[in-house]
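Chain and residue survey
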Amino acid sequence: MALRGLLIGEARLTLSLMAGALAGELMVRYRVTDRVFRPVERLVRRLRVNPQAISAMTVSVASPRVGAAMLASAHSRGEITQEDAVFGTLCLAFPAYVKRWLVTAPMAAALAGPLGVLYSSVLIFRSAARFLLCLHLLRRRGSGGSSPAVDDPAEGRTATASEGRFLRQGLRSLPLAWIFFGVTYWAMPAVEAWALDNLRWLVSPSGLTVVTSALAHSTASLASAKGALEAGSLSLPGALLALLMGNALGTFTRVLRQNVGYWVGIFPGEVLRPLGIWHLGTLLLFEALSIGLVLLWWGWSR
């Protein structure tokens, strides 16, 4: 069963990567990003953000991997700086998350009531705060409103896009993505079990059940938290705290499965190292801040 689950997961990963690469090729062929970019070009110049990073953010609503591939292609041709590639890639998560959140937030509210609304609100505000930080870093450390090797932003963006080979980049990233997914699939359950075992000293049995179910699926964790809340074994801040702790424990799994394996295949080492550090560092920072604030609320309400 474990091998079957791994193979199904690898197949889904492959389909996701190649579908994103194909979408990127179609967007480039029909110049979708150019059409979307024109109305906001003046705003981009005022923000002093590299236009290719804005184009990647636009594409990331459909697929963050395509956006990352666009930045990797532009960096390989010297058309954006290392900082543009790093912080531009970090900005791609929020547009894609907003699209997903618009679907999951109503479901969470329907499933867990006020608790679901609170949990969804914390996640979206946390993601927005991280995006604003990454955008600020992109403005301060990036090349600004124009590409370093291209005088006209529109021409540079089109040239980069037309020369991009997203399907080839997708194929090149597949072996490493398979390896990282496989390592995560086999190793992370043991790591998560170790973490849960140590949490027994800090979390009540009901809270531990919520944390454990969060590692499996957000719907299961919300249902578990709602049940514990109605049974009186967890307070509202306690249930929210357990949900956020479960979400935080799954961070390393999500990073390895969803990001690192793909990035290794498309970015060089000088971009990949700071990208990995900033990505994980900013995630953990805002997760710790949100957990800390809810922990204060939980302690004050006792």
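Residues numbered from 1 in each chain as written. Predicted model: local features only at pLDDT ≥ 70, side-chain atom pairs only at ≥ 80, totals over all residues. Heavy atoms only, no water.

Some thoughts on the overall build of the protein
- Within the protein, the secondary structure is distributed over 15 helices and zero strands.
- When contacts within the protein are restricted to residue pairs at least 6 apart in sequence, those whose partners lie at least 24 apart make up 81%.
- Split by element, the accessible area of the protein, about 15,100 Å² in all, is 66% carbon and sulfur. (Helix = DSSP H or I, 4+ residues; strand = E, 2+ residues; numbered from the N terminus. Contact = heavy atoms within 4.5 Å. Areas by Shrake-Rupley, 256 points an atom, 1.4 Å probe, with all protein chains shown as cover.)

With respect to the packing of aromatic side chains
- With the rule as written, the count across this model stands at two aromatic pairs.
- When the centroid spacing of 5.2 Å and the interplanar angle of 70° are considered together, the rings of Phe87 and Trp278 count as edge-to-face. Of this pair, Phe87 sits in helix 6 (residues 82–90) while Trp278 sits in helix 15 (residues 269–301), and the two are 191 residues apart along the sequence.
- For Phe87, a relative accessible area of 3% puts it in the buried group. (Phe/Tyr/Trp six-rings, centres within 6.5 Å; stacked < 30°, edge-to-face > 60°. Buried < 20%, exposed > 50% of the residue type's maximum accessible area, 1.4 Å probe, protein only.)

A closer look at helix 13 (residues 236–249)
- In this model helix 13 runs 20 Å from its N-terminal to its C-terminal C-alpha over 14 residues, within 8% of the 20 Å that 1.5 Å per residue would give.
- Burial within helix 13 is extensive, with 12 of its 14 residues counted as buried.
- Every buried residue of helix 13 is listed here: Pro237, Gly238, Ala239, Leu240, Leu241, Ala242, Leu243, Leu244, Met245, Gly246, Asn247 and Ala248. (Expected span 1.5 Å × (residues − 1).)

Structural notes on the environment of Leu111
- Assignment of secondary structure puts Leu111 in helix 7 (residues 93–112).
- For Leu111 and Ala223, which are 112 residues apart along the polypeptide, the C-alpha to C-alpha distance reads 6.8 Å.
- If we skip the residues at most four places from it in the chain, Leu111 touches Thr219, Leu222, Ala223 and Lys226.

Points about the nonpolar core
- One finds Met57, Leu138, Leu244 and Phe267 to be the most contacted residues of the largest nonpolar core, which totals 54 residues.
- Considering each element in turn, this core owes the most residues, 11 residues, to helix 8 (residues 114–141).
- In contact with Leu138, not counting residues within four places along its chain, are Val49, Ala53, Met57, Glu83, Asp84, Phe87, Gly88 and Cys91. (Core = buried A, V, L, I, M, F, W, Y, C linked by side-chain atoms within 4.5 Å.)

Quick look at the packing of helix 8 against helix 13
- Axis separation between helix 8 and helix 13 bottoms out at 10 Å; the angle between their running directions is 45°. One way to sum up the angle between helix 8 and helix 13 is to call them oblique. Helix-helix and strand crossings are classified by hand; for helix 8 and helix 13 the assignment is right-handed. On helix 13, the residues that touch Leu115, Leu118, Tyr119, Val122, Leu123 and Arg126 of helix 8 are Leu236, Ala239, Leu240, Leu243, Leu244 and Asn247.
- The class makeup of the residues in the contact of helix 8 with helix 13 is 10 nonpolar, one polar and one charged. (Axes fitted to C-alpha atoms, helices over the stretch in contact; angles between N-to-C directions. Parallel < 35°, antiparallel > 145°, perpendicular 65-115°, else oblique. Left-handed = near helix turned anticlockwise from the far one by under 90°. Nonpolar A, V, L, I, M, F, W, Y, C, P; charged D, E, K, R; others polar.)

Concerning the confidence of the model for the protein
- Across the protein, the average pLDDT comes to 75, with 62% of residues at or above 70.
- This stretch, residues 147–164, has a pLDDT under 50; its non-local contacts, to residues over four places away or in other chains, come to 37 contacts. (pLDDT = per-residue confidence, 0-100.)

Brief notes about the environment of Gly276
- Structurally, the position occupied by Gly276 is in helix 15.
- C-alpha separation for the pair Gly276 and Val86, spaced 190 residues apart in sequence, amounts to 8.9 Å.

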